Amino acid sequence: MLQFKLVLLGDSSVGKSSIVHRFVKDSFDEFRESTIGAAFLSQTIKIEDKTNHNETVVKFEIWDTAGQERYKSLAPMYYRNANAALVVYDVTQQDSLAKAQGWVTELKTKVGEDDLVICLVGNKLDLCEGETTPKAVDSKQAQEYAQEQGLLFHEVSAKTGEGVKEMFQSIGEKLYES
Ligand code: GDP
Ligand code: MG
């Protein structure tokens, strides 16, 4: 079994905890209490090796951090030894993408780039499915930024679960390959 340490970063209320709960418990809570400090959860996935058809179990040790400014100084404790970072923004909040970009810059300056898989995650995709809430963050703009920076990019909904499993699977595969 392989183990990887994963950290979630991003502005508060973008849905970091909700993404983790969707992935670990396959549930969603409209009234989730905001995270204090950080929370720890773990989940395993299976990776299939295409060359020999062997399955490997990959265990994610997930650190879900609080996004509030007052906890910002704690973040390095969680990302320092991480194998992967999920930098989350809310697709309905343009300024949350700017915050996410700030985290990407911090990660790239403080952690060796080759040592860390970074995934840019646009959450709350469900809110843009109808006509009610226009998507504030253009997918193309976010995707181009991710490409420039060499990040994985996924749009998900913690509420409906759309894209969540696939995202963790692709992060697992990237970590497995490296
Ligand atoms: P965190 O501060 O980044 O951990 O964000 P939370 O997971 O606590 O979520 C903040 C709020 O956004 C909560 O009220 C959640 O119910 C809501 N939320 C989180 N993810 C989604 C989503 O995918 N869709 C919708 N509609 N709401 C979400
Ligand atoms: Mg939280």
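What counts, and at which threshold
- Counting restarts for each chain: residues are numbered from 1 in the order of the written sequence.
- Chains carry letters from A onward and ligands carry numbers from 1 onward, assigned in written order.
- In keeping with the predicted nature of the model, local features appear solely for residues at pLDDT of at least 70, side-chain atom pairs appear and are counted solely at 80 or more, and the whole-chain, interface and lining totals rest on all residues.
- Processing note: side-chain calculations cover all non-hydrogen atoms of the structure and skip hydrogens and water entirely.
- UniProt positions are given in the numbering used here, feature names are shortened, and annotations may be inferred rather than shown by experiment.
- In this listing, donors mean N, O and S atoms no farther than 2.8 Å from the metal, or 3.2 Å for Na, K and Ca; water is missing from the atoms, so a site can look incomplete.
- Here a helix means four or more residues in a row that DSSP labels H or I, a strand means two or more in a row labelled E, and each is numbered from the N terminus.
- Relative accessibility under 20% of the residue-type maximum defines a buried residue, over 50% an exposed one, and the middle range a partly exposed one, all with a 1.4 Å probe and only protein chains included.
- Between any two strands, at least two bridges found by DSSP are needed for them to pair.
- In this scheme Phe, Tyr and Trp rings, the latter by its six-membered ring, pair at centre separations within 6.5 Å, and the angle between planes marks the pair as stacked below 30 degrees, edge-to-face above 60, and tilted otherwise.
- Only when the NZ of Lys or the CZ of Arg is both within 6 Å of the ring centre and within 35 degrees of the ring normal is a charge said to sit over the ring.

As recorded in an unreviewed UniProt entry, the chain goes by the name ZYBA0S03-05204g1_1, listed as coming from Zygosaccharomyces bailii. Under the UniProt heading Sequence similarities (unreviewed entry), the entry covering the chain gives this text: "Belongs to the small GTPase superfamily. Rab family." Its UniProt record gives the chain a comment under Subcellular location (unreviewed entry), which states: "Cell membrane".

Enquirer: Just to check I follow, could you spell out the coordination of the magnesium ion (ligand 2) for this structure?
Expert: Ideal values for angles at a metal depend on the geometry: 109.5 degrees with four tetrahedral donors, 90 or 180 degrees with six octahedral donors. Of the protein atoms, only Ser17 (OG) and Thr35 (OG1) coordinate the magnesium ion (ligand 2), at distances of 2.1 Å. Of this pair, Ser17 sits in helix α1 (residues 16-25) while Thr35 sits in the loop between α1 and β2 (38-48); the two residues are 18 residues apart in sequence, bridging distant segments of the chain. Of the two residues examined, Ser17 and Thr35, each falls in the buried class.

Enquirer: I tried to follow the pairing of β2 on my own but got confused; where do I start?
Expert: Each regular strand displays side chains that alternate between the two surfaces of the sheet. Sheet topology places β2 next to strand β3 (residues 55-65); 11 bridges connect them, and they run antiparallel. Bridge pairing in β3 links Thr44 to Lys59. Hairpin connection from β2 to β3: 6 residues lie between these consecutive antiparallel strands, with His53 at a positive phi of about 60 degrees.

Enquirer: I keep staring at the packing of aromatic side chains and nothing clicks. Help me out?
Expert: Any pair of aromatic rings gets described here by the distance separating the centres and the angle formed by the planes. Across all of its chains, the model carries 5 aromatic pairs by this definition. Taken together, the aromatic side chains of Phe23, Phe60 and Phe168 make up a single cluster linked through ring pairs. One residue, Lys72, lies across the ring of Trp103, its end atom 4.4 Å from the ring centre.

Enquirer: I tried to follow α1 on my own but got confused; where do I start?
Expert: Think of an α-helix as 3.6 residues a turn; residues three or four steps apart then line up on the same face. Among the 10 residues of α1, 9 are classified as buried, and the element is accordingly described as predominantly covered. Among all positions in α1, only Lys16, Ser17, Ser18, Ile19, Val20, His21, Arg22, Phe23 and Val24 are buried. Looking one or two places after α1, you find Asp26, whose phi comes out positive at around 50 degrees.

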